[in-house]
Structures are given as structure tokens and as C-alpha cells.
Amino acid sequence: MAPLFPRWTDSILRAVLILVGLLVVLLPCLAMALVRSPYITHQHEPIEQPIAFDHRHHVLDDGIDCRFCHGGAYRSASAGVPATAVCMGCHAQIWPDSPALAGVRESWRTNTPIVWNRVTTLPDFVYFDHHAHVNRGVGCSECHGQVEHMARVEKAMPMTMDWCLGCHRQPAQHLRPADRITDGSWHPSAESQRVLGAMLVATMHISPPTTCSGCHR
Amino acid sequence: MQSGPPPAGVGSGTGTGAWRSLAERNGLAAWQRGEFAPGADMAPDALTRRAFLSRAAASLALAGLSGCIAKPAQQIVPYVRQPPELVPGVAQFYASSLVRDGYASGILVETHEGRPTKIEGNPDHPASLGSSGVLEQAAILDLYDPARDGSIRSAAQPVSWREARQALAQAAGGDGAGLHLLLEPSSSPSLALHLAEVRERLPRAVVHWHTTAGHGAELDATQRLMNQPLLAHPDLTHVQVGVALGGDPLATDRDSVRQARAWAHSRRDALHPSRWYVLEASPSCTGFSADHRIIVDDRFLPLVAAALLAKLIASVPGVPAELHQALAHLPPAPIPAAHLELIADDLRRAGPHALVTVGAHAPMALQALAVALNAALGSEQIGYRPSVLLGGERDGLPELVRLLHAGAVKQLVVVGANPLFTSPGDLDTAVAFRAAGQRFRVGLRADETAAACDWFIPLAHDLESWGDARSVDGTITWQQPTIDPLFAGRTLAEILDALMARDERPGHLLLRERWRSRGMGDAEYRAAIQRGCLVGSATPLLRPAVDWREAAQLVRELSEGGTFAAAPAATGSWDLSLYRDGKIHDGRYGDNPWLQELPDAITKLTWDNALLIAPALADTLGVRTGQLVAVDSGATTLRVPVLVQPGQSPGTVSLALGYGRRVSRGAAHEVGVDAYALRTSAQPWLVRGVRLTVLAEHRDLALTQEHWAMEERPVALSVARDQPLPPAIADQAHAPLSLRPDQGPLSSPQWGMVVDLGSCTGCNACVTACQAENNIPVVGREEVLRSREMHWLRVDRYYRGSCAAPEAISQPMMCQHCEKAPCEYVCPTYATTHSPDGLNEMTYNRCVGTRFCSNNCPYKVRRFNWFNYHQSSTPLTRMAMNPDVTVRARGVMEKCTYCVQRIRAGDISSRIAGQAPGTQPVVTACQQACPSQAIVFGNILDASSAVARARASPRAYAVLADSGAQPRTRYLARITNPNPAWA
């Protein structure tokens, strides 16, 4: 009896099977890569703020430490942003009539808080504790990047769970002494970081949780 | 879900003979239903699972994409002027108090960013010592109740506070003529000063006090026998033999938090553990915790007390012959003479370490006999104090109603309470109220009383007010607000100032001024407010002598008056016992969904009240649980569903007050039956001679006790003191063989918990604390009927013995954090894992809702979110949530986490302090609340910790140990102390 299908249909079948096989592998890979890409994580996208606060001026020029404004970083789970009173502490006397600071003065006058746009955020089911990190040798720039060089703050790191676990599993590569936490000029060589990190892990008994309930409660 | 015939052993009395309910004991359907009732997996609109899946196939396939989309942009909103003491993210604790029946309970309020989220006991306060009861734990939800009314209204039109003040000033007039105030009893020293000012400024104004539970009978009794009106203050700490004639000191009576702790201490005493005899008609937590529970109708308790007194005064010097004579011709008591003799012997032997208590609502006769008994014993476990309450002796409502009918009330101001709901049925308060010229209602909610009044002014909640009060022992306790009034509520002090047309003053200045006028300096005041109480301010404890001649006279009067008559009730009629249950009290907490859904400690009933009847009576009448009966008191008839309650006296039926609200915008709407209709001023607690008529209708009662049926295995062990420990404990010395590998060397800390069944009274404080701490949702009556209640921690109650007079034991059951947890290896998404420090973790975002983990759990402690229970939450109700705990959405499994948020916070504190993780002590919510300190938690590898020592106790055992799960939570078998001569 004559075959139903001509011989060239075999090639089509094989091609389709190979294509489907590749897609089954490639599509999830593409999806996973996409989720980790800056397109989804919004890494390196400077965020517009209601008041054009420039960290370069306040940190590099004026030498203000991170903790002066973000006081929650070493005391609480949430680092927070400064209250209007902190800004007015200086700006009631320095540049008191600057148009760039009109929003701050308005907030102070009307007792209405300034609504900042969040740059670095984690999902609601993640419980991140700032002061557990800041007091244990993790510098601000490890996670937030070189904020003092940013005109508008952007998210410097992907903030994916994989990225967090990278440090939690190998903390030595990311630790620094307690007095250099907010130091923007901390750029050790790979070798010195290795030695120093190992020493810090040993002396401070650094053992970051890698179990689920460490961050998910 | 029908299965085959019942397995051998159910209801046959093998194993421990424990049974969960009458249906189970009689081998009926309880076990057949398995874990979930039929239809438990069906949505309420009867969409079958197959239909749902076929429609949802496409959406399921696309569901995974939700992980790819980043969340929308958020804002951060800081303060404008941040309070210097406040660091956002760090909880602040303030000492304050909650007032109930006029007495204060010392609490600490945990606040996050200026809003209270959790209440704990104040460790510095002598009445709580750090513990708290059910009603304290649930008070948070009352604060954030959307049913609270926030607008001032006159004749249904909103008005301003200034207009309200003017109206109040006008109502008072020049001298208060025609002005009547109806207040709740209060122990506030500031209020006493304030009312003195009111009396001076408005001399013709009259103050009435409304209470549903007057203590006048107690004062009358002590006045008679000790020549001064005093209240009894027993101390259970060193009691060796105790007799409770009615009442429930361990759970629902006043000062129960302190009494439960004292009682637990007396049970743990190694040399002289206490022995308690409880005589009562209706089961209570105290009754089921007793070594001997004797079922006696309330009306016979004075006779039993007199019989005991007759036996005890024989050995007491200085008792006049008249008393012997008066007690000589008593009718026989309704308990076996041999038992009475044993109780009397035991009491006599204990002497100064004996104690006789009665319920706070006992009639004067019983109160007086108890005073006499304690004096005859020379008991050093009881003292007496004058009452610290303004009002509260007797209900002032009848007098007010009389004045209303007489036309003497021109202006009526009702503050707090809800008299149009809580007034006795024979007092037509609603009609009387209409006779008043102008009626102001100051309250939390638009309730029955508000509906009958022209003016409504919102009342500030305890957590929003400055004030002071005294606890039961007289300790002055301060109240400081932890949040600005959410509903523009006003305190009683502001209302009184408005009546006196005084300028408005802030509450904190008012309070400060009052205490300055009593000579308290600034520094002392600040220290006292911070601590919450004035240490050493308890009123002195008195031990006046009893006038035995008066006692003899009283006994003779009672005898002649027929109090001791042992005549049975007329056939076909019963005693109706009305009580305030431990959940909604006199009805004021009816709008609190946590309390409505809390299973009653004894009946395990939720969202309802029911008539408790004895099994024998149920057989006689031919009724089943849920069937309606008509209760006829002669004056009123009420249709009530019946609940067959083992341990209930056949001569008494019981009904809880406070349900059946007519006007409620909250949870209390159409829940239960209004028992106040059956109450009269003459018989507020015990209505004699009610008739019952069986009706054909049926109501499904939302009971939790028949759900999660556990087959007959030794799960809650209890053994008498002189008996050997149950073999089940020794059998556990060898762990069963398991396919799962052992864990290997464990590093510190390893978290574990021990629950002492001998200390647990079953009061449910732990359940409410867990609900408050962990954002556990309320599911409603329909879902409870489908076994879907969400409590992570439940208190199981097992009966043993006969239906008519069983023993009972309460067992708190939560996730056991098994070392070889059967739930962990069946999860397809690794949503439940084991932490290195011994916790069974639950990661909500990974859970897809297969529910295989719950299927595998031998303890059935996992709860599934069948619906989005929080989707109807509003910004107001969300304020009650604990920000440290995830709020779970639909489709996610949840369970007890050993308060992992507290453990991790403790870890972080330890690490920052340079210590090993787990060094800082961690207290779970249930442990912190438990009044009798039955729950111990900590690092089991630390040999000096309380939990390690408790685990090493010979009484320690694991529930269902033969499952191989190796639970971290252990239980200590209850050791009872029965009288060896008791037959």
C-alpha cells in the first residue's frame, strides 16, 4: 500500500520536534534571564524625586555621614529617610531661600510630610533587617552602591534572592570593619578583602542565616 | 465522606477511655467524617472541584507569570517632626490599663509607629505579673472596630463637639436639677475627686451606677458577720485544701489572671500540692481542673456549706452553743454523707492552709457561710478589704427607672454600659427612657441604648484615654493613651467638665493636676506612669474576727426562711443558671469577632449561645444538640438551641448572657439569643422553676470540638498522684524506627517548648494571644461549621469517665515542630522546610496550596486559607495587624511558627550585642499570655533553661510519639491529687 505521507514530511516532523525541544528548554531560560535582567529589576534606573536631593553635594562636598539622615540604619529594621526636621536643621540657615528647597520649607510650614519615591524595595514577604547588617560589618555601598556619586539615587544591585544568598553564603567577600561601614572610599584589593573578610568572619562569628525563616516569616 | 464500620475501640472504653464528645463516645458520626466535614473542600456557591479546574486551566497556566512582573512603585513617607524617642521599625511599649467591672488590669501595650498592635501583661503589676487573659488580649480589636461610631449626633444630625458641650452645659442647668447620670462602677481615684466637684457645682444632680453583677451580697454578708462591709480576697498560692462552692476563680471571675498563677503554683508545690474540691452545677474551667468535681445544683450550695460548717465548728473554741443548735437540724445535703465527711476532714487537717471560696455572684447566704467556714478553719489564705469601687454594689437601674416613670428625670446622660440591652427582662427600661426629657448617650457604638437617645457622643476607648483605676487588690494603675482617639471619642472626664461648663483641658494635664493635688511630685508621677502602677498602693488586707453570735442568728434566719430546704424542684421545671461567659462578658465584647469565634472553654461553641443541659435531661426530653427548646420562666418565653453538656447537673440548665443583640453594626448582629429577657431584678443569676418545651426546629451550632477527630490514643495524659506514670511515657524512651536519617550534631540554639497539662486551666488566653500576634483571620460562623477556623493554637478538651460526671483535661495543641516532620517531605514546592535551629518553617510565598502537608500532619495543626479572609479589611482594621508577621492570602497553608518573628528578633539582638544567636531570651506570645505559666519555651540545649529542665521531667512525653515524628513540643502529664479515701 502507498505511504500516506510523502517522505519530505519526515523532515518537517523532525524539525518541529527539535524546535519544540529547543523552545521547551530555551523559553524558560529566557524567562529566568529576563526576570533577573535590569528590565525587570529596574536596576540602574535613576528615580525622580519630589525634591531634587543630590547626594554628591551632601556627602562628597559636605562630608555628611549616611547615618546622620538615615538614622534607622543602625537602630532598626528600617533605615528610613530623614524627617523634614533633619533637612530644616541645616536649611533653616543654609540656603534658606533657595527655590530648590521650596518643597522642604512647604512641608515644614504646613506640617505635611514629603512623599519620596522608593528606590530600593523588597517584596512584602521578605523581612530585611537593616541594623542586623549595618552593625555586623556590611557597608552601605555593598547593597546601595556608590550613592555619593549619584545625582539621583538608583537601585544599584538587582536585589534578587539569589543575589542576597550570594553574600549570605560567602560573607567574607563583603564585610568591612565597623568603622568603615559608611566609608565611600573603601575599595580593598581582592586579596586584602579575602584576608580581612576571613578575619572578620572568625572574630565576629558571622553566620548569616541561609534558612528560609531567616528572612521569610 | 462515608467510610466503613467504626474501628474497634471507639466508644468501647479501651485505650485511655478518653472521648471528645458524646457522639464519639456513642460511636457515632464524629470519626466517620475524618478531618473535614463533608463539603469542606467546596466553595460556598457549590462550584465543584472538577468544574473549577476545567475553567481555570488557562489561568493556572498563566499564573506563574505573576512572578515576572515587578511590583508597582512605592512611596516612603517620613515624619515632618519625628518624635525623638521613636525609631520607625522599633516597637515601643507603654504601660497602661484596661478597666472591666471597674477594676484595672495592668498591661503593656506594644505600639508600632504610634499605633497599638498587641497587649501583654505588665510584669511590674501585682495583678498580672506579666500575664494576661482572653479579654485583655482581645481588646486591641475593640479599638479598631469599624462598628464604632465616630460622629456626634443630635436627632440623627451630625453636630460639632462645641455644640455638644453647650447642650450638656444647658442640660445641667444652674444646679443640676433634673440631671441624672448613669455610669458604670469605677475604682478611679480621679473620678472620685471629679464627682466630688460635680456634687459641689451641681448639687441637685444625681448619679446612678449600672452594673450587671453587683457585689452587694458579699458586702452584706461581711457586714453581718464582721460588722464592716468587706470583699473577700483569697490567695490561692499556698492553699493545701481548697473547696470552691460555685464560681470560676481560675478563668472568668474577677482577678482570675492572678488566681490562675497562684493556683498553678500551689499545684506545683512538691511537698504539699493542693487538693481542690469544686461543687458546681455547670462545668467551668475551675471545675474541670479540680481533683474532685461534685455536681450540685446552685440552690443546694448554702445547704452544703452549712453542713460543712456544722462539722467544722465542733473543733473551734469560742463558738456559742446557739450556732451548734442552729446547724443541728439541717436537712441532708444532696451529696453522699461519706464524701461530705471526707471534705470536712481534709479541710480540718489543712487548717490555716485550707480555703473555701464562692463565686462572686453567690447569694448572701452562701457568702456569709463561706466567711464563717474560713474563720472556723482559721484560714490564712484569705483576707478582706473594703470595696474600692464607686457604685457596683447593686444595680442602680431599677431606681433610675422608678424615677423616670415618676417624671423626675429631665436630662439623662448615660456613659458607657448598654443599659437598654443589659437591663433585666422585668424592667421595661426602653419605655422608661422615653419619659426622660433629653437623653445623651456616650458610648463606643451605636447600640440599643444609642437608638433610644437623642444625642450620641462617641466614647474614647481605654487605649485612647488618660485615666487611673485600681486593680482588685487596690493597686493604683494608670491608663495612658497609646493613640489619639480614632473616632474623636471623649472620656468621662471631658463629659463631666462639659456638664460643669468648664473650659476644655487636655486629659493628661487634668490627670496630672489631680495627682498633684494629692501631693505627688513630678518625678514620682513620671516614674509611676512609666511603670504603670504605684507599687505598694494595694489597700491593706484585713482579717477581722467573725461575730459567732451573729452567725448563729443568721443561720437560724436562713433555716427558718427555707434557704436550706432540700425540696426538689417541681417536676417538669428546672433551675436556669444565667452566667457571663469568658468571651463576651455581659455582652460588651459581642462586636469583637475574635471573641465570637473563640471556642468557649467548656462547650467549644462559637458564634452562638446555647442552653446547656445534662445528657440525662436530654434523654428525658428527647432532644439532641442543636434542637430548639422554648424556655418559659413564667414571665417570658425564649427559644434557644440546646447543647448537651457532659458534667452539667440534670436539675439545672445554663445560658450565657450577652448574646442576641438587636442593634449592632458589627459582629454581634443576630448572633445568639438574648438571655437578659429571662433575667429579673429579683433573680439575676438563678431563675427557679423554668419550664422547657421541645420544639421541632434545629439550628446548626458551630462547635469546634467534633472537628479534627483524633482517634483513641493516649494524647492528653492525666494520672493520680499515688499511681505510677502511664506506661505510654516509658514507652517513649526508645524512638521508633524511621526511614528518615537522624539530624546529626545540633548547634545551639535548638528551640523547644513544653506545655504543663497540670497547670493548664483551658482558659484560652494563649489562643487569643496567638491570634493577636500572628494576624490570624476570623472566618465566620459558616466556615467554622465547615471546620475551617484558622486558630494556629487550639485547646482540645478530652473527657474521661461517665457522661453525667466526667473528668476533663485541656490540651493546647499547636504545630509540634517535629524533628522528622511528615509535612516537610510531601511539599512539592519546598514551602515547608526545617531550620538549623529546630523550627519547622513555613514560607508562604512558595506555597501553591496542594494541602498535602496538612494531609500528612498527624496532629492536624495546619490551617489552610480557603479564601482571602483579609480582602474586606479596611485601613482601620489593618492597623491592628502585627507588621512583623506576613498577612497570608488565599491558597496558602499556615501554622504555628514558634513565633519565629520573635526568635529572629532575638537572634538579631544577640548578634548585635556580640553574643551567640539565641542568647537573648525569647518568649512566645502564648507563653507570655498564659496566666498559669503552663507554657515554657527556650533553648533545649541550654541545660539551665526552664525548657530543658521541664523536658527532663519524668512526666514529659510527646503526643503521638509512635508516629516517629519526634516533636519538639512536649507535654507534662497532669498529676491529680485526689483524696485517697474517696470512693
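This structure is a prediction, so every number in the text was calculated from the model and none was measured.

Trainee: Any details on the overall build of chain A? Residues and values, ideally.
Mentor: For chain A, the count of helices and strands is 10 helices and one strand. Ordering the α and β elements of chain A from the N terminus gives α-α-α-α-α-α-β-α-α-α-α. Computed over its C-alpha atoms, the radius of gyration of chain A comes to 25 Å, more than 25% above the 17 Å expected for a compact globule of 217 residues. The principal-axis extent of the C-alpha atoms belonging to chain A is close to 100 × 50 × 35 Å. If you sum the accessible surface of chain A, you get close to 13300 Å²; carbon and sulfur atoms cover 66% of it. Across chain A, the mean location of the 17 positive side-chain charges is 8 Å away from that of the 18 negative side-chain charges.

Trainee: An account of the overall build of chain B is requested, with residue identities and associated values reported.
Mentor: Tallying secondary structure elements over chain B gives 30 helices and 40 strands in all. Here chain B has a C-alpha radius of gyration of 29 Å; the compact-globule value for 983 residues is 30 Å, and the two agree. Seen along its three principal axes, the alpha-carbon backbone of chain B occupies a region of about 80 × 75 × 60 Å. Looking at the 983 residues of chain B, the share that counts as buried comes to 59%.

Trainee: Account for the packing of helix 12 (residues 364–377) of chain B against helix 20 (residues 548–561) of chain B, naming residues and giving values.
Mentor: Residues and elements named next belong to chain B. The geometry of helix 12 relative to helix 20 is characterised by a closest axis approach of 11 Å and an angle of 145° between their N-to-C directions. Read as a crossing pair, helix 12 and helix 20 show a hand that is left-handed. From helix 12, Met364, Ala365, Ala368, Leu369, Ala372, Ala375 and Ala376 reach across to helix 20, where they touch Trp548, Leu554, Val555 and Leu558. Tallied by class, residues from the contact of helix 12 with helix 20 come to 11 nonpolar, no polar and no charged.

Trainee: Help me get a handle on the interface of chain B and chain A, residues and values and all.
Mentor: Tallying the contact residues gives 37 residues for chain B and 42 residues for chain A. Interface area for chain B against chain A, summed over the two sides, is near 3400 Å², with a carbon-plus-sulfur share of 59%. Applying the counting rule to chain B against chain A returns zero salt bridges. Along the contact surface separating chain B from chain A lie 17 residue pairs in polar contact (both at pLDDT 80 or more). Put simply, the parts of the chain that give the side of chain B that touches chain A at least two residues each are strand 2 (75–76), strand 33 (832–834), strand 34 (840–842) and helix 28 (900–912) of chain B. Element by element, the count of residues in the side of chain B that touches chain A is highest for helix 28 of chain B, at six residues. Of the residues that constitute the side of chain B that touches chain A, the class distribution is 19 nonpolar, 12 polar and six charged. Sheet topology note: the strand 1 (residues 116–117) of chain A/strand 2 of chain B ladder contains two bridges and is antiparallel. Paired with Asn117(A) across the two strands is Gln75(B), which belongs to strand 2 of chain B.

Trainee: Tell me about the packing of aromatic side chains, residues and numbers included.
Mentor: Residue and element names in this part refer to chain B. For the structure on display, the rule yields 11 aromatic pairs over all chains. Relative to Tyr869, the ring of Phe867 lies with its centre 6.2 Å away and its plane at 80°, an arrangement referred to as edge-to-face. Grouped by ring-pair contacts, the aromatic residues Trp478, Trp515 and Tyr525 constitute a single cluster. Sitting over the ring of Trp515, Arg518 keeps its end group 4.7 Å from the ring centre. The positively charged end of Arg661 is found above the aromatic ring belonging to Phe421, 5.6 Å away from the centroid.

Trainee: Would you mind going over the confidence of the model for chain A in detail, with residue names and values included?
Mentor: On average, residues of chain A score 94 in pLDDT, and 100% of them are at 70 or above. The spread of mean pLDDT over the elements of chain A runs between helix 2 (residues 38–41) of chain A, the lowest at 88, and helix 6 (residues 102–110) of chain A, the highest at 97.

Trainee: Could you give me a rundown of the pairing of strand 39 (residues 969–972) of chain B, with the residues and numbers involved?
Mentor: In this structure, strand 30 (residues 751–756) of chain B lies alongside strand 39 of chain B, joined through four bridges in parallel fashion. Along strand 39 of chain B, the bridge assignment pairs Val755(B) with Tyr971(B).

Trainee: So what's going on with the sheet that holds strand 13 (residues 292–295) of chain B? Which residues, and what values?
Mentor: All names here are of chain B. On the basis of which strands lie adjacent, the open sheet formed by four strands has the order 13-12-11-14 and parallel pairing. The open sheet has two edge strands with one neighbour each: strand 13 and strand 14 (354–358). Averaged over all adjacent pairs, the angle separating strand axes in this sheet is 15°, with direction ignored. The sheet contact formed by strand 11 (residues 241–245) and strand 12 (residues 275–280) spans five bridges and is parallel. Pairing of Gly242 across the sheet is with Trp276, part of strand 12.

Trainee: So what's going on with the sheet that holds strand 17 (residues 438–443) of chain B? Residues and values would help.
Mentor: All names here are of chain B. One open sheet holds the seven strands; their spatial order is 7-6-18-17-16-8-9, and the pairing between them is mixed. In this open sheet, the two edge strands, each paired with only one partner strand, are strand 7 (157–158) and strand 9 (206–209). Direction of pairing for strand 16 (residues 411–415) relative to strand 17: parallel, over a ladder of five bridges. Across the sheet, the residue bridging to Gln411 is Gln438, located in strand 17. Each of strand 8 (179–183), strand 16, strand 17 and strand 18 (455–458) touches helix 17 (residues 492–499); the most contacted strand, strand 8, lies at about 175° to it.

Trainee: Lay out the pairing of strand 20 (residues 476–479) of chain B in plain terms, naming residues and giving numbers.
Mentor: Taken residue by residue, a regular strand's side chains alternate between the two faces of the sheet. Residue and element names in this part refer to chain B. In strand 20, alternate side chains face the same way, and those of Ile476 and Trp478 on one face and Thr477 and Gln479 on the other are all buried. Here strand 19 (residues 467–470) pairs with strand 20 via four bridges, running antiparallel. Residue pairing for strand 20: Asp468 is matched across the bridge by Trp478. Between strand 19 and strand 20, which pair antiparallel one after the other, the connecting turn spans five residues, and Gly474 there sits at a positive phi close to 95°.

Trainee: Tell me about the side chain of Glu783(B), residues and numbers included.
Mentor: All names here are of chain B. Inspection of the secondary structure puts Glu783 in helix 25 (residues 781–785). One polar contact links Glu783 to Arg786, side chain to side chain, over a distance of 2.8 Å. The residues touching Glu783, leaving out its near neighbours within four places in the chain, are Arg788, Glu789, Phe867 and Tyr869.

Trainee: If you had to explain the pattern of salt bridges to someone new, which residues and values would you point to?
Mentor: Residues and elements named next belong to chain B. Overall, the coordinates contain 67 salt bridges over all chains when judged by the stated rule. A salt bridge links Asp149 to Arg153, with the shortest nitrogen-to-oxygen separation between them at 3.1 Å. Across the pair Arg781 and Glu782 runs a salt bridge whose closest N-O atoms are separated by 3.5 Å. Relative accessible area serves as the criterion here: at 18%, Arg781 is assigned to the buried category.

Trainee: Could you give an account of the environment of Gly318(B), with specific residues and numbers?
Mentor: Residue and element names in this part refer to chain B. Here Gly318 shows up in the loop between helix 9 (301–312) and helix 10 (321–328). The exposed category is assigned to Gly318, whose relative accessible area is 68%. Sequence separation between Gly318 and Trp548 is 230 residues, and the spatial gap between their C-alpha atoms is 8.2 Å.

Trainee: I'd like to hear about the environment of Ala696(B), residue by residue, with values.
Mentor: Positionally, Ala696(B) belongs in strand 27 (residues 686–698). Residue classification places Ala696(B) among the exposed residues on the basis of a relative accessible area of 76%.

Trainee: Explain helix 9 of chain B to me, and be specific about the residues and the numbers.
Mentor: Residues and elements named next belong to chain B. Compared with an ideal rise of 1.5 Å per residue, which puts 12 residues at 16 Å, helix 9 spans 16 Å between its outermost C-alpha atoms and is within 8% of the ideal. Among the 12 residues that make up helix 9, 10 are buried, leaving the element largely enclosed by the rest of the structure. Where helix 9 is buried, its residues contact strand 11, strand 12, helix 10, helix 11 (337–350) and helix 12.

Trainee: Describe the packing of helix 5 (residues 189–201) of chain B against helix 18 (residues 507–517) of chain B, with residues and values.
Mentor: Residues and elements named next belong to chain B. Running from amino to carboxyl end, helix 5 crosses helix 18 at an angle of 90°, the nearest separation of the two axes being 10 Å. Classified by the interaxial angle, the pair formed by helix 5 and helix 18 is roughly perpendicular. Contacts from Pro189, Ser190, Leu193, His194 and Glu197 of helix 5 reach helix 18 at Leu511, Arg514, Trp515 and Ser517. Taken together, the residues of the contact of helix 5 with helix 18 sort by class into four nonpolar, three polar and two charged.

Trainee: Can you lay out helix 5 of chain B for me, pointing to particular residues and giving the numbers?
Mentor: All names here are of chain B. Between the first and last C-alpha of helix 5 there are 19 Å, a value that for 13 residues agrees with the 18 Å anticipated at 1.5 Å per step. Listed as buried for helix 5 are Pro189, Ser190, Leu191, His194, Leu195 and Val198. Along its buried surface, helix 5 packs onto strand 8, strand 9, strand 19, helix 17 and helix 18.

The rules behind each value
Residues numbered from 1 in each chain as written. Chains lettered and ligands numbered in written order. Predicted model: local features only at pLDDT ≥ 70, side-chain atom pairs only at ≥ 80, totals over all residues. Heavy atoms only, no water. Helix = DSSP H or I, 4+ residues; strand = E, 2+ residues; numbered from the N terminus. Rg over C-alpha atoms; globule rule 2.2 N^0.38 Å. Areas by Shrake-Rupley, 256 points an atom, 1.4 Å probe, with all protein chains shown as cover. Lys, Arg positive; Asp, Glu negative; His and termini not counted. Charge placed at Lys NZ, Arg CZ, Asp CG, Glu CD. Buried < 20%, exposed > 50% of the residue type's maximum accessible area, 1.4 Å probe, protein only. Axes fitted to C-alpha atoms, helices over the stretch in contact; angles between N-to-C directions. Left-handed = near helix turned anticlockwise from the far one by under 90°. Contact = heavy atoms within 4.5 Å. Nonpolar A, V, L, I, M, F, W, Y, C, P; charged D, E, K, R; others polar. Buried area = accessible area lost by both parts, 1.4 Å probe. Salt bridge = Lys/Arg side-chain N within 4 Å of Asp/Glu carboxyl O. Polar contact = N/O pair within 3.5 Å; in protein donor to acceptor, adjacent residues only side chain to side chain. Pairing = 2+ DSSP bridges. Phe/Tyr/Trp six-rings, centres within 6.5 Å; stacked < 30°, edge-to-face > 60°. Lys NZ or Arg CZ within 6 Å of the ring centre and 35° of its normal. pLDDT = per-residue confidence, 0-100. Expected span 1.5 Å × (residues − 1). Parallel < 35°, antiparallel > 145°, perpendicular 65-115°, else oblique.

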